[in-house]
Every structure is written in C-alpha cells, then in structure tokens.
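Fold and contact review
Okay, here's what each chain looks like letter by letter:
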Amino acid sequence: MDNNKYLIIGGSTKCGTTSLFHYFEFHPQVCPCTMKESRYFWKNEYPLAGVDRDLKKYAAFDSLFPKCDVDKIRVEATPDYLYSAASASAIKSEINNCKFVFILRDPIERLLSWFKFAKLNGIILSDVTLESYIRTQLNKNIENASQEYRSLEQGNYFLYINEYIEKFGKENILITFYENLSSDPRNFCEAICKFIDINSSY
C-alpha cells in the first residue's frame, strides 16, 4: 500500500481540470505527475479520445512521481475517474492517503462545451447539429457510447460522486464549481490549498 500523500483531480471533463493541474504543478509543496491525465487507474469503461498511453513500464502509481520528496503532495489529474466505479476501487486498493477534487459545471453549459470541442477536433462530424447531438444521446445505450456521447448522462453528477463518498469519506472529497474557478481562480485555489493543508500564499 502506497502511503504517500496524494491529491487527485478526478473530474469532471470540460470543467477546468487542465488549468487547475497547471496552477498547482509549480507549487513548492506539490509534486506533479509526469503527465496530466495519466489515466493510470482508468479501467477502459468507455473509449477515450486522444493518444492511448502505455503505462506498463510503471510498476506502481508512485513511479509517475520521480524524485518527489516524501513530504510533498503528489497531484494527478484524470477527469474521467469520476465516471468509473472500477477506478475508484483501484485507487482505494493502492493508495492509502488520498484526497479528491471534483469540479462540477452547469450540466447544460458542460454539454455545450463538449459539443463544441467534439466538432472542433473532428470527433463528431462538422454537420452534426446540437439537436441531433442531444437526440442521439437520448436514444443511445449509454453502456456502449463513446466519451463524446456521454455528456448528457454524465451531467447527473450525484450518480457518480456518491461512489467516491462511500469509498473515501466526505472529509477527503472537495466538490467545487467551474463557475467559481472561472470567475475567481485565486479564491478557488486558496480553498484547495486549505483542503490539502499547503501554503495558499504561493
């Protein structure tokens, strides 16, 4: 069992997790993962867009944090962890001292963000309308849907967060909001510093 201290930015997608990871990676009391979105605990519950990473060379999660002082908080960010009960179980079995930040966003705004992102990056066809994008999700079996066609269902955050609350306890989970990150990033980050007990003046 790994006894180092961890903070996992575990979700949600399209909610500023990349920005938050980069805000903290140079904090003197933080040791960042060698890659944002390592997906180390991801259990392939649905296809993820982007380059698949081969993590076989890492014998343990600890190997993603080379030369980290023992007293530093190790920070990793994989926003799809939120939607994976299997990932929650894997984290629980391997890490003893872990806290989580989950950033939530107005579900409609998040769905629109996913729609624009998917079209811009060629994940869905350019002629797909917002109406057809939503209608497809209403008619599609979520168990077989790829990531971009889960934005409607995954806006029902409680279904997923409750899995982490049950496994790790409320005291180890900070639920935050994208709107606050966007409007006041300083106070947003200060709240996280307080949550993981590091200096907020950086």
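Data block above holds the structure.
Right, let's walk through the structure included here.

Thresholds, definitions, all that
Residues numbered from 1 in each chain as written. Predicted model: local features only at pLDDT ≥ 70, side-chain atom pairs only at ≥ 80, totals over all residues. Heavy atoms only, no water. Phe/Tyr/Trp six-rings, centres within 6.5 Å; stacked < 30°, edge-to-face > 60°. Buried < 20%, exposed > 50% of the residue type's maximum accessible area, 1.4 Å probe, protein only. Helix = DSSP H or I, 4+ residues; strand = E, 2+ residues; numbered from the N terminus. Lys NZ or Arg CZ within 6 Å of the ring centre and 35° of its normal. Axes fitted to C-alpha atoms, helices over the stretch in contact; angles between N-to-C directions. Parallel < 35°, antiparallel > 145°, perpendicular 65-115°, else oblique. Left-handed = near helix turned anticlockwise from the far one by under 90°. Contact = heavy atoms within 4.5 Å. Nonpolar A, V, L, I, M, F, W, Y, C, P; charged D, E, K, R; others polar. Pairing = 2+ DSSP bridges. Disulfide = S-S within 2.5 Å.

So, about the packing of aromatic side chains. Considering all chains together, one arrives at 17 aromatic pairs under this definition. Ring geometry for F61 against F65: centres 5.2 Å apart, planes inclined by 75°, an arrangement best described as edge-to-face. Across this residue pair, the class does not change: F61 and F65 are buried. With centroids separated by 5.6 Å and ring planes inclined at 85°, the aromatic side chains of W114 and F117 adopt a geometry described as edge-to-face. Of this pair, W114 and F117 are both found in helix α3 (residues 107–120), three residues apart, which corresponds to roughly one turn of the helix. Judged by its relative accessible area of 2%, W114 falls in the buried class. Given a relative accessible area of 32%, F117 falls into the partly exposed group. One aromatic cluster is present, built from ring pairs that chain together Y6, Y40, F41, F61, F65 and Y81. In this structure, K14 packs its charged tip against the face of F117, placed 3.7 Å from the ring centre.

This paragraph deals with the packing of helix α2 (residues 85–94) against helix α5 (residues 158–168). Packing of α2 against α5 leaves a shortest axis separation of 10 Å and a crossing angle of 20°. On the basis of the axis angle, α2 is roughly parallel to α5. α5 is crossed by α2, and the crossing has right-handed handedness. Contacts between α2 and α5 involve A85, S87, A88, S89, I91 and K92 from the former and E163, Y164, K167 and F168 from the latter. Partitioning the contact of α2 with α5 into residue classes produces five nonpolar, two polar and three charged.

Turning our attention to the pairing of strand β3 (residues 73–77). Most of β3 is tucked away, with five of its five residues classed as buried. In β3, alternate side chains face the same way, and those of I73, V75 and A77 on one face and R74 and E76 on the other are all buried. Sheet topology places strand β1 (residues 2–11) next to β3; four bridges connect them, and they run parallel. Of the residues in β3, the one forming a bridge with Y6 is R74. Sheet analysis places strand β2 (residues 30–32) next to β3, joined by three bridges and oriented parallel.

Glancing now at the state of the cysteines. One pass over the full model with this rule turns up one disulfide. There is a disulfide in this structure between C31 and C68, and the S-S distance comes to 1.6 Å. Note on the C31 and C68 pair: the S-S dihedral is about -55°, so by sign convention the disulfide is left-handed. Placement of C31 in strand β2 and of C68 in the loop between β2 and β3 is noted, with a sequence separation of 37 residues between them. Overall, C68 belongs to the buried group, its relative accessible area being 14%. C31 supplies the cysteine sulfur nearest to C33, a cysteine that is in no disulfide, at a spacing of 8.9 Å. Of the residues examined, C33 reaches a relative accessible area of 6% and is grouped as buried. For the unlinked cysteine C189, the closest cysteine sulfur is that of C193, found at 6.7 Å. C189 sits in the buried class, given a relative accessible area of 14%.

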